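Take a look at the letters that make up each chain.
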Amino acid sequence: MLPAAGAQAHVNANASEPAPDPGPTIHLNGWRASPGCDFGPVRSATRSARAFMEACGLSETEGAAWELALTEAGNNAVQHATEAGRKLPIEFEVLCDPRSVEVRIVDHTPGFDWPEDPTLPEPDAESGRGLFLIRTLVDESRYFRHDSANLLVLRRARETPVEECAPASREELAAQLEECDAALTNMTSELASSYESLTALFRYSAELGTGGDLKDFAGRLVGDLLLVTGADHAVVRLFRQEPQRLELFLTAPPGDAVPPEVLVPHKNVCTECLALATRQDIWFKPGHPEGEGEPAPGTTASLAGICHPFFVGDKPVGTVSLVRDAEEQPFTAAQISLLHTFVDFLGIQITNARLLEERTQALLVERELQIASEIQRALLPDALPRCPPFVLAASAEAARQVGGDFYDARPAGDGGLFLVIADVMGKGVPAAFFASMLRNAVRCLQSLYEHPGRLLTKLNTGLCDDLSRVDMFATVQVAYLDARRATVITASAGHSPLIVCSAEGRAELVSNAGLPLGIEPDTVYEETRLPLSPGAWALLYTDGLTEARAPDGTLFGEDRLAAWLAQPDQLKQPAPARRKDLLRTLADYREGTPLSDDETFILVCHRP
Amino acid sequence: MKTQNLDAQTVRVTELPEVTAANATEVRDGVRAAITPTCRILQMDLSQTAFLDSSGLGALVGLHKTLRQQDGVLQILHPTPAVAQLLELTRLHRLFEIVEK
């Protein structure tokens, strides 16, 4: 881009807003225009270009030649513009030197093959004379092709070279040289700083979302920020909820004295808390009263700087304070804008890191549930033992959340069968783990299978300490079925009543429950003995069955369960068929609402 | 642009400040519409035409062809120096009948 044009130059209306301080001016006879990609605007531009050239002293003939050459070049640029190029302006630049005129035209076309020696088409051709005219009208033409824009440079000597002005005095020249020098230095430093900032920003963009080490990333970002803003110190704090506080995240450069670790809004009077609360940048100047926990890291009271609170969406993330040792200039608008841009990146990366942490946590929970359900599945026997004259069927349907239900069936004594069903209160891995412990403990007490009460008492004594230490308990029902005596002996630790149904269809609920396991170490569990004559049924179950809910919220309940067991026409059915029927009955009752608790049961029939 | 039928065989076009890519198609089609089947001479009065580009030349060539199809000619009346130079530069002064002032 040309620097601001001097007195003789025309600046077109499309030019960007002039900067408030253009800095040193370089005087050149330059003109530029950026008409839209259409014939009309291009024609207006070439008309003004001619006017400008004639104002620079070119003759009417020269003006006419240039006007035609420019119009031809402009028309080509319009006619062959790419689809994207049609939205872009065509750029004209005219430079009138004392000896020659140079014109540059930027087009957005796929580019032309610029012929060295264009020829005229047949006389009655209606097009194809443009390039010939351009080449004929100017002394020199060069065409540079690029990816998205091409440059045409045209040059033509002036008919009458302009008299050079009287040689400037040595002082004037020196002054001019200095002016140019200052302008160049200015431009170079601006360019260098923009380049640095851009490079840094590209690097940050690449790192966003990679989930690298956050502190490391932030350290590099803040280090760069110090460089591009020319600040001496930086302090980054992060906002934490419950209780609300600003925690020190990092200070830069490394080795700076450490300011207070934690600031509490409302309690600490400080710039950082105020900035976060008001959501505005706060400037502090040398000599301003130092509050508690000021951002200045270990400097004296003479500090100047800015504290910038940052947010992602609406959520406060933290503050970044930039500090300069006193007596320096305040931060410029450009530096503040760099601060904002850099900190936006930091905010995104911090939020990313936090989201990643939450996601990892969720994955861990999911994995734990998976492990728990695997443990639970391993608890259940692969197949029920064949133990005539008893016929068994069992089911364990797990609800969404893994609980600690299990059952077990073991042959015992002389033609006897030992059954246990349990529900460990608690969820996840700990509950599944205790269920597993409980099952193994029961298996070890084989000698007590014929004495369910003593077995529970012993089990409770052994496990009570462990269970109560982790605030867990378990309800357990054990039953010993004696084929020779046709009886069932049962004991319960806080478990749902056992249901027994005679061959005649009379159901009985056995409510002999003592405390659940793991409540009182000294609990003594009683046994109840009932007849289990041939053709009778027994049902051991967890409360998932009785607490199954109809859509209106009514519980399935013990009575309904007992009535189901005692259905006269079902008493002769095989156990597996009745198991299926019970599952269907429960599902019908829930009418499709999902299980809220595990449904586990053992169904046994005395069938000699 | 103004078109007049001077007689059954002659159509004259006047008041053309410039013919460029921006208006060449419009000028050509406008003139064609004014040419009657009996027309044998199309007079393009370029005495006020300060600027003509290659698209303007294309329009003139197009009209020339239209006239030739009906055994007519295109005459260019009183071209300005700029236009005359352009016609020579592109050697079209041999194609058209040019009537100098």
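Residues numbered from 1 in each chain as written. Chains lettered and ligands numbered in written order. Predicted model: local features only at pLDDT ≥ 70, side-chain atom pairs only at ≥ 80, totals over all residues. Heavy atoms only, no water.

### Regarding the overall build of chain A
- Looking only at helices and strands, chain A has twelve helices and 21 strands in total.
- Intrachain contacts of chain A at a sequence separation of at least 6 include 65% that bridge at least 24 residues.
- As displayed, chain A offers around 31,200 Å² of accessible surface, 54% of which is attributable to carbon and sulfur atoms. (Helix = DSSP H or I, 4+ residues; strand = E, 2+ residues; numbered from the N terminus. Contact = heavy atoms within 4.5 Å. Areas by Shrake-Rupley, 256 points an atom, 1.4 Å probe, with all protein chains shown as cover.)

### Concerning the packing of helix α1 (residues 24–34) of chain B against helix α2 (residues 54–69) of chain B
Residue and element names in this part refer to chain B.
- Close contact between α1 and α2 brings their axes to 9 Å; oriented N to C, the two are set at 20°. The angle between the axes of α1 and α2 places the two elements in the roughly parallel class. Our pair here, α1 against α2, has a crossing hand that is right-handed. On the side of α1, the interface is formed by Ala-24, Arg-28, Val-31 and Arg-32, while α2 contributes Ser-55, Gly-56, Ala-59, Gly-62, Leu-63 and Thr-66.
- Here the residues of the contact of α1 with α2 sort into four nonpolar, four polar and two charged. (Axes fitted to C-alpha atoms, helices over the stretch in contact; angles between N-to-C directions. Parallel < 35°, antiparallel > 145°, perpendicular 65-115°, else oblique. Left-handed = near helix turned anticlockwise from the far one by under 90°. Nonpolar A, V, L, I, M, F, W, Y, C, P; charged D, E, K, R; others polar.)

### A short note on the interface of chain A and chain B
- Listed per partner, the contact involves 20 residues of chain A and 22 residues of chain B.
- Interface area for chain A against chain B, summed over the two sides, is near 1,700 Å², with a carbon-plus-sulfur share of 62%.
- Broken down residue by residue, the surface that chain A buries against chain B is led by Asp124(A), Glu126(A) and Arg129(A), which jointly contribute 32%.
- Across the contact surface, chain A and chain B share five salt bridges.
- Summed over the shared surface of chain A and chain B, the number is six residue pairs in polar contact (both at pLDDT 80 or more). (Buried area = accessible area lost by both parts, 1.4 Å probe. Salt bridge = Lys/Arg side-chain N within 4 Å of Asp/Glu carboxyl O. Polar contact = N/O pair within 3.5 Å; in protein donor to acceptor, adjacent residues only side chain to side chain.)

### Description of the sheet that holds strand β17 (residues 498–501) of chain A
All names here are of chain A.
- The strand order β12-β21-β20-β17-β18 describes an open sheet built from five strands, whose pairing is antiparallel. Strands with a single pairing partner mark the edges of an open sheet, and in this sheet they are β12 (390–397) and β18 (507–510). Each strand axis lies, on average, 15° off the axis of its neighbour in the sheet, ignoring direction.
- Contacting β17, β18, β20 (537–541) and β21 (599–606), helix α11 (residues 557–565) crosses the sheet at an angle of about 30° to β17. (Pairing = 2+ DSSP bridges.)

### A look at the confidence of the model for chain A
All names here are of chain A.
- Residues of chain A with pLDDT of at least 70 account for 88%, and the chain-wide mean is 83.
- No element of chain A has a lower mean pLDDT than helix α4 (residues 170–207), which averages 76, and none a higher one than β20, which averages 95.
- Ignoring residues within four places in sequence, the model shows residues 1–27, a span with pLDDT below 50, making 33 contacts including any to other chains.
- Predicted confidence is poor over residues 296–300, with pLDDT under 50, and the contacts of this stretch with residues over four places away or in other chains come to nine contacts. (pLDDT = per-residue confidence, 0-100.)

### Description of the nonpolar core
- Met53(A), Val94(A), Val103(A), Ile105(A), Leu42(B) and Met44(B) are the most contacted members of the largest nonpolar core, which has 62 residues in total.
- Here the element with the most residues in this core is helix α2 (residues 60–79) of chain A; it accounts for eight residues.
- If we ignore the near neighbours within four places in the chain, the residues touching Met44(B) are Val13(B), Leu16(B), Leu60(B), Leu63(B), Leu74(B), Gln75(B), Ile76(B) and Leu77(B).
- Core analysis: the second largest hydrophobic core is formed by 32 residues, Tyr204(A), Ala252(A), Val320(A) and Leu339(A) among them. (Core = buried A, V, L, I, M, F, W, Y, C linked by side-chain atoms within 4.5 Å. Buried < 20%, exposed > 50% of the residue type's maximum accessible area, 1.4 Å probe, protein only.)

### Some details on helix α3 (residues 81–89) of chain B
All names here are of chain B.
- Those residues of α3 that fall on the buried side of the exposure criterion are Val-83, Ala-84, Leu-86 and Leu-87. Down the axis of α3, the buried set is contained in an arc of 160°. They therefore lie on one face. Counted as exposed and oriented over 90 degrees from the buried face of α3: Pro-81, Gln-85 and Glu-88.
- Just beyond α3, the residue with positive phi is Arg-91, at close to 60°. (Arc of directions from axis to C-beta.)

### Comments concerning the packing of aromatic side chains
Residues and elements named next belong to chain A.
- All told, the structure shown has five aromatic pairs over all chains when counted by the stated rule.
- With a centroid separation of 5.3 Å and 15° between ring planes, the pair formed by Trp-114 and Tyr-143 is classed as stacked. You can see Trp-114 sitting in the loop between β3 (100–107) and α3 (130–137) and its partner Tyr-143 sitting in strand β4 (residues 140–144), a full 29 residues away along the chain. A single burial state applies to Trp-114 and to Tyr-143, both of which are buried.
- Geometrically, the ring pair formed by Phe-556 and Tyr-589 is edge-to-face, given 5.1 Å between the ring centres and 80° between the ring planes. In this pair, Phe-556 sits in the loop between α10 (543–546) and α11 while Tyr-589 sits in helix α12 (residues 575–590), placing the two residues 33 residues apart along the sequence.
- Residue classification places Phe-556 among the buried residues on the basis of a relative accessible area of 4%.
- Classification of Tyr-589 as buried rests on a relative accessible area of 14%.
- What links up through ring pairs into an aromatic cluster is the set Phe-112, Trp-114 and Tyr-143. (Phe/Tyr/Trp six-rings, centres within 6.5 Å; stacked < 30°, edge-to-face > 60°.)

### Overview of the pattern of salt bridges
- In total, this model carries 24 salt bridges over all chains according to the counting rule given.
- Arg245(A) is the salt-bridge partner of Glu247(A), the closest N and O atoms lying 2.9 Å from each other.
- Salt bridges linked by common partners bring Arg43(A), Arg47(A), Arg50(A), Glu54(A), Glu67(A) and Glu18(B) together as one network.

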